[in-house]
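# What the coordinates show
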Amino acid sequence: MSFKEKVIYQIYPKSFLDTNQDGVGDLQGIKNKIPYLKQLGVDMLWLNPIYPSPQKDNGYDVADYTAIHPMFGTMKDFDELVDIAKSNGIDLMLDMVFNHVSTEHEWFQKALAGEKKYQDYFILRDEPTDWLSKFGGNAWAPFGETGRYYLHLFEQTQADLNWRNPAVREELFDVLRFWMNKGVKGFRFDVINLIGKDEVLKNCSENDGKPAYTDRAIVHDYIKMMNQASFGDDKDIITVGEMSSTTPENCILYTSPDREELTMTFNFHHLKVDYQDGKKWTKMPFDFAALKETFHDFGTKMSDKNGWNALFWNNHDQPRALNRFVDAKNYRVAGAKMLASAIHLNRGTPYIYMGEEIGMLDPNFDSMTQYADVETANAYQELLDLGKSEEKAFEIVKSKARDNSRTPMQWDDTEFSGFTEGTPWLALGKSSKEINVAKELSEGSIFNYYQRLIQLRKEYPVIARGSYEAFLPEHPQIYGYIRRFEDRSLLVVNNFYSQKTSIELPEEFQQGEVLIANYDNCLLGEKINLEPYQSIAIYC
Ligand code: GLC
Ligand code: CA
């Protein structure tokens, strides 16, 4: 089976299942739930970072790339997890955070202590540029008492690595080989399109400085070197690059098989359609026309030029899509299935973020004290500094906070949802009594719908391999596309609103077969009517 037939499930280890009652999820918890994941039918598990880390950015501040953080368990637990998963037909994908390390990493510590060799591992300058950190404030911090500054595109304790230095590249390629030797079959590369910095760094007032360090031509060279030095030898390995503020043109380059870079890319344009003027910390209903345009733009270009998308609505950095794109109060179930169809029948490899398969919602927190994320705390403070009232600032933060998706997995309706018997590190979502795995498996229909979608991708080459073309791009409520492979076609239409609507069906599909739909009794004819959040896939 190739990556085109596979579906990947993302686990946020801290919040999946706690087996020693310290309030934090662990590797043993993931092992215990392999049967559940097998039942769902996924092929690979992407784990967010599980390495030793001071956890300033929940593990994206890595202090040691080739060990396991004790709170998650031991290397033995990890090896067992690989084996248990594999014997159930599931592989593991690890998160490689190669743009930066924690300032507690020994490389940074040795650099601070004055070792020249390690100072060359970082980006040190006498004069900072005007670039802004993605977590707020200037992107440079004083490098000890030296009078120099180190670059940190993220939090202050996440120091950017100097990829121009071949020794740094070798260290990182070694890390990949280490995990490959343990049987890891997937790598997710954190913000990998930011690794290539110019030799001379220049001020850039546009867009917080992003154009000065994003998608530089050299990034493609570095990724190719990495490919050739490690995973390129094993054709079963799947790689996905997280691309910050990228373009379809670059994503085609990153993923065209003949260029030997990556299998696929994550891009985020479709998840910025509720950003006012492109700013995250704002609150605005989503712009449907913009959503469709990014899907069609990436979909068509990647299809025409042989690139490959990672398809997703949710991850650990995003509020739950159900809260953003659906009237979840009235149409949670139909909406969850519609969103699932829109992604899973699309061209690319689908990702499911834990809890999505049961229709989990944002936690609906009441106070700032319930949020743990550093980005959220900084953003709240910046909103207050801009003169927003506490109430207004909280409302904005609540709609965008990353912790929205990081709350513990809801397994059952007990006090802490079967996640832990201790005190969870992050509070549970308010709807955990009504929305949980136990309830979903006994009486729900979202999980089954996901199961079916995963199956369909394996059974119908048109889903896994078909081309992509936009369908009714101007329709005010429908996101639709047509997939074609050899002599078969698939039309997928999704109503993104709670108002009914209708469309004219192209002749070729009028006699087609409904492959999957989230309402019963879909009648095909010259015209079809669509219920609130209805999704239909027609095969012919
Ligand atoms: C990526 C991760 C995010 C992290 C950031 C810095 O965007 O998904 O969680 O904070 O990189 O590593
Ligand atoms: Ca634990």
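Residues numbered from 1 in each chain as written. Chains lettered and ligands numbered in written order. Predicted model: local features only at pLDDT ≥ 70, side-chain atom pairs only at ≥ 80, totals over all residues. Heavy atoms only, no water.

For the rest of this paragraph, the subject is the sheet that holds strand β16 (residues 488-495). Strand pairing in a sheet relies on backbone hydrogen bonds, with the paired strands running either antiparallel or parallel. If you walk across this open sheet you meet the five strands as β14-β15-β16-β20-β18, and the pairing is antiparallel. Of all the strands in the sheet, the pair left with one neighbour each is β14 (467-471) and β18 (513-517). Averaged over all adjacent pairs, the angle separating strand axes in this sheet is 20°, with direction ignored. In this structure, β18 lies alongside strand β20 (residues 535-539), joined through four bridges in antiparallel fashion. Bridge pairing links Ala-517 to Ile-536 in β20. Sheet strands touched by helix α9 (residues 288-305): β14 and β15 (478-485). Its angle to β14, the strand with the most contacts, is close to 150°. Contacting β15, β16 and β20, helix α11 (residues 328-344) runs over the sheet at an angle of about 145° to β16. (Pairing = 2+ DSSP bridges. Helix = DSSP H or I, 4+ residues; strand = E, 2+ residues; numbered from the N terminus. Axes fitted to C-alpha atoms, helices over the stretch in contact; angles between N-to-C directions. Contact = heavy atoms within 4.5 Å.)

Let's shift gears to the domain arrangement of the protein. Partitioning the protein into structural domains gives domain 1 (8-100 + 166-367 + 404-456), domain 2 (107-151), domain 3 (368-403) and domain 4 (465-539). Here the C-alpha centroids of domain 1 and domain 3 sit 23 Å apart. Across the boundary between the two partners, domain 1 contributes 23 residues, which contact 21 residues of domain 3. Taken over both partners, the interface formed by domain 1 and domain 3 buries close to 2,000 Å², and the fraction arising from carbon and sulfur atoms is 49%. Broken down residue by residue, the surface that domain 1 buries against domain 3 is led by Trp-281, Phe-365 and Ser-367, which jointly contribute 37%. For the pair domain 1 and domain 3, the interface holds five salt bridges. In this structure, the connection of domain 1 to domain 3 is made through 18 residue pairs in polar contact (both at pLDDT 80 or more). (Domains from an automatic or database assignment. Buried area = accessible area lost by both parts, 1.4 Å probe. Salt bridge = Lys/Arg side-chain N within 4 Å of Asp/Glu carboxyl O. Polar contact = N/O pair within 3.5 Å; in protein donor to acceptor, adjacent residues only side chain to side chain.)

What follows is about helix α16 (residues 446-459). The end-to-end C-alpha separation of α16 is 20 Å, in line with the 20 Å expected for 14 residues at 1.5 Å each. Among the residues making up α16, those that are buried are Ile-446, Phe-447, Tyr-449, Tyr-450, Leu-453, Ile-454, Leu-456 and Arg-457. (Expected span 1.5 Å × (residues − 1). Buried < 20%, exposed > 50% of the residue type's maximum accessible area, 1.4 Å probe, protein only.)

Here we come to the coordination of the calcium ion (ligand 2). Geometrically, a metal with four donors at the corners of a regular tetrahedron has ideal angles of 109.5 degrees, and one with six donors at the corners of a regular octahedron has ideal angles of 90 or 180 degrees. Asp-18 (OD), Asn-20 (OD1), Asp-22 (OD), Val-24 (O) and Asp-26 (OD) make up the full set of protein donors to the calcium ion (ligand 2), lying at 2.3 to 2.4 Å. Spacing between the donor residues of the calcium ion (ligand 2) along their common chain follows D-x1-N-x1-D-x1-V-x1-D. Accessibility expressed as a relative area gives 49% for Asn-20, which makes it partly exposed. Judged by its relative accessible area of 37%, Asp-22 falls in the partly exposed class. (Donors = N, O, S within 2.8 Å, 3.2 Å for Na, K, Ca; no water.)

This part is about the pattern of salt bridges. Evaluation of the coordinates by the stated rule reveals 36 salt bridges. Salt-bridge contacts for Glu-375 lead to Lys-280; the nearest nitrogen and oxygen are separated by 3.2 Å. Within this pair, whereas Glu-375 is found in helix α12 (residues 374-385), its partner Lys-280 is found in the loop between β11 (264-266) and α9, the two being separated by 95 residues in sequence. Asp-373 is paired through a salt bridge with Arg-402; the nearest N and O atoms lie 2.7 Å apart. Here the residue Asp-373 occupies a position in the loop between β13 (349-353) and α12, and Arg-402 occupies one in the loop between α13 (390-400) and α14 (403-406), the gap between them amounting to 29 residues. Of the two residues, Asp-373 and Arg-402, both sit in the buried class. Each of Asp-57, Lys-280, Asp-317, Asp-373, Glu-375, Arg-402 and Arg-406 takes part in one network of salt bridges that share partners.

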